[in-house]
Amino acid sequence: DTAVSQTPKYLVTQMGNDKSIKCEQNLGHDTMYWYKQDSKKFLKIMFSYNNKELIINETVPNRFSPKSPDKAHLNLHINSLELGDSAVYFCASSQEYEKLFFGSGTQLSVL
Amino acid sequence: GESVGLHLPTLSVQEGDNSIINCAYSNSASDYFIWYKQESGKGPQFIIDIRSNMDKRQGQRVTVLLNKTVKHLSLQIAATQPGDSAVYFCAENKGTSYGKLTFGQGTILTVHP
């Protein structure tokens, strides 16, 4: 069974559209994250939720809105997509602040 | 400012050789370090971690060394195999921030048969 699963794996869309990425973890972890990886492979944290509560909110445009319906799920909704949003988005989970387990990523292409 | 960086962006080795990937960090408050491996089209995969109260930790074919004096971290892979070809990242955490890992640039390791 996949520990951290995110969908879709690929997302191609037009500028200005609204899209969502879903993430689920079956590890029983309390904390979930969204990371963004740019074209140079640089990984940067966007958000973190602990038991459905937002605890990390980096400098991210407010077009990005995370939602955690329960501690096993963390979704990412993006409004008014821009060209610069094109990247690979990774969901991850962890217990406390230790090693993160990452999903396989969602490659977002904004045309 | 806080940063984690890698000295070499690419590393090419022959199968069977030992590989060493280096990482420098600048935040002396960091107390937890992790190495990740990322294969093409996949998410980062945990390799090994080390806390700041240790200077060496060994896993299967991998060893992480931590030198707090010079703020340096390295990953040693013994008997490198073609399956080890990937991008390797070091990451640091201050421990009080829930998983707020700061990632380094990444090193591309290529293993030639």
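So, a few notes on the structure that sits alongside this text. Remember, predicted model here, so these are calculated numbers, not experimental data. (Residues numbered from 1 in each chain as written. Chains lettered and ligands numbered in written order. Predicted model: local features only at pLDDT ≥ 70, side-chain atom pairs only at ≥ 80, totals over all residues. Heavy atoms only, no water.)

### A word on the overall build of chain B
Broken down by element type, chain B carries zero helices and 11 strands. If you list the helices and strands of chain B from N to C, you get β-β-β-β-β-β-β-β-β-β-β. Across the 113 residues that make up chain B, the buried fraction comes to 43%. Sequence-distant contacts, at least 24 apart, represent 53% of the contacts inside chain B between residues at least 6 apart. Looking at chain B as shown, the accessible area adds up to about 5400 Å², and 46% of this sits on carbon and sulfur atoms. (Helix = DSSP H or I, 4+ residues; strand = E, 2+ residues; numbered from the N terminus. Buried < 20%, exposed > 50% of the residue type's maximum accessible area, 1.4 Å probe, protein only. Contact = heavy atoms within 4.5 Å. Areas by Shrake-Rupley, 256 points an atom, 1.4 Å probe, with all protein chains shown as cover.)

### Observations concerning the overall build of chain A
Helix and strand counts for chain A come out as zero helices and 11 strands. Starting at the N terminus and ending at the C terminus, chain A contains elements arranged as β-β-β-β-β-β-β-β-β-β-β. Here the C-alpha atoms of chain A give a radius of gyration of 13 Å, agreeing with the 13 Å that 2.2 N^0.38 yields for 111 residues. Counting only C-alpha atoms and orienting by the principal axes, one finds that chain A spans roughly 35 × 25 × 25 Å. For chain A, buried positions account for 42% of its 111 residues. Put simply, 53% of the contacts in chain A that link residues at least 6 apart link residues at least 24 apart. A total of about 5600 Å² of accessible surface is found on chain A, and carbon and sulfur atoms cover 48% of it. (Rg over C-alpha atoms; globule rule 2.2 N^0.38 Å.)

### Section: the environment of B:Gln14
Residues and elements named next belong to chain B. Within the secondary structure layout, Gln-14 lies in strand β2 (residues 10-14). Given the relative accessible area of 41%, Gln-14 is considered partly exposed. Non-local contacts of Gln-14, meaning those with residues more than four positions away in its chain, are made with Thr-80, Val-111, His-112 and Pro-113.

### Examining the state of the cysteines
Taken as a whole, this structure holds two disulfides over all chains when the rule is applied. In this model, A:Cys23 is linked to A:Cys91 through a disulfide, with the two sulfur atoms separated by 1.8 Å. Torsion about the S-S bond of the A:Cys23 and A:Cys91 cystine: about -80°, corresponding to left-handed handedness. Remark: A:Cys91 occurs in strand β9 (residues 87-94) and A:Cys23 occurs in strand β3 (residues 19-25); sequence separation between them is 68 residues. The exposure classification of A:Cys23 matches that of A:Cys91, with both residues buried. A sulfur-sulfur separation of 1.8 Å characterises the disulfide bridge that pairs B:Cys23 with B:Cys90. (Disulfide = S-S within 2.5 Å.)

### Overview of the nonpolar core
In globular proteins that are soluble, nonpolar side chains generally tend to be buried together. In this structure, B:Trp35, B:Leu73, B:Leu75, B:Tyr88 and B:Leu109 are the most contacted members of the largest nonpolar core, which totals 20 residues. Taken together, the elements giving at least two residues each to this core come down to β2, β3 (19-25), β4 (32-38), β5 (45-51), β7 (62-67), β8 (72-77), β9 (86-93) and β11 (107-112) of chain B. (Core = buried A, V, L, I, M, F, W, Y, C linked by side-chain atoms within 4.5 Å.)

### As for the interface of chain A and chain B
Contacts between the two partners involve 24 residues from chain A and, on the opposite side, 22 residues from chain B. Between chain A and chain B the total buried area reaches about 1800 Å² when both faces are included, carbon and sulfur atoms providing 60% of it. Where chain A packs against chain B, one counts zero salt bridges. Where chain A touches chain B, the interface holds five residue pairs in polar contact (both at pLDDT 80 or more). Secondary structure elements with two or more residues in the side of chain A that touches chain B: β4 (31-37), β5 (43-50) and β6 (53-57) of chain A. (Buried area = accessible area lost by both parts, 1.4 Å probe. Salt bridge = Lys/Arg side-chain N within 4 Å of Asp/Glu carboxyl O. Polar contact = N/O pair within 3.5 Å; in protein donor to acceptor, adjacent residues only side chain to side chain.)

### Quick notes on the pairing of strand β1 (residues 4-7) of chain A
Residue and element names in this part refer to chain A. Here β1 shows one buried face, formed by Val-4 and Gln-6, and one open face, formed by Ser-5 and Thr-7. Relative to β3, β1 runs antiparallel, the two sharing four bridges. From the neighbouring strand, Ser-5 faces β3, where its bridge partner is Glu-24. (Pairing = 2+ DSSP bridges.)

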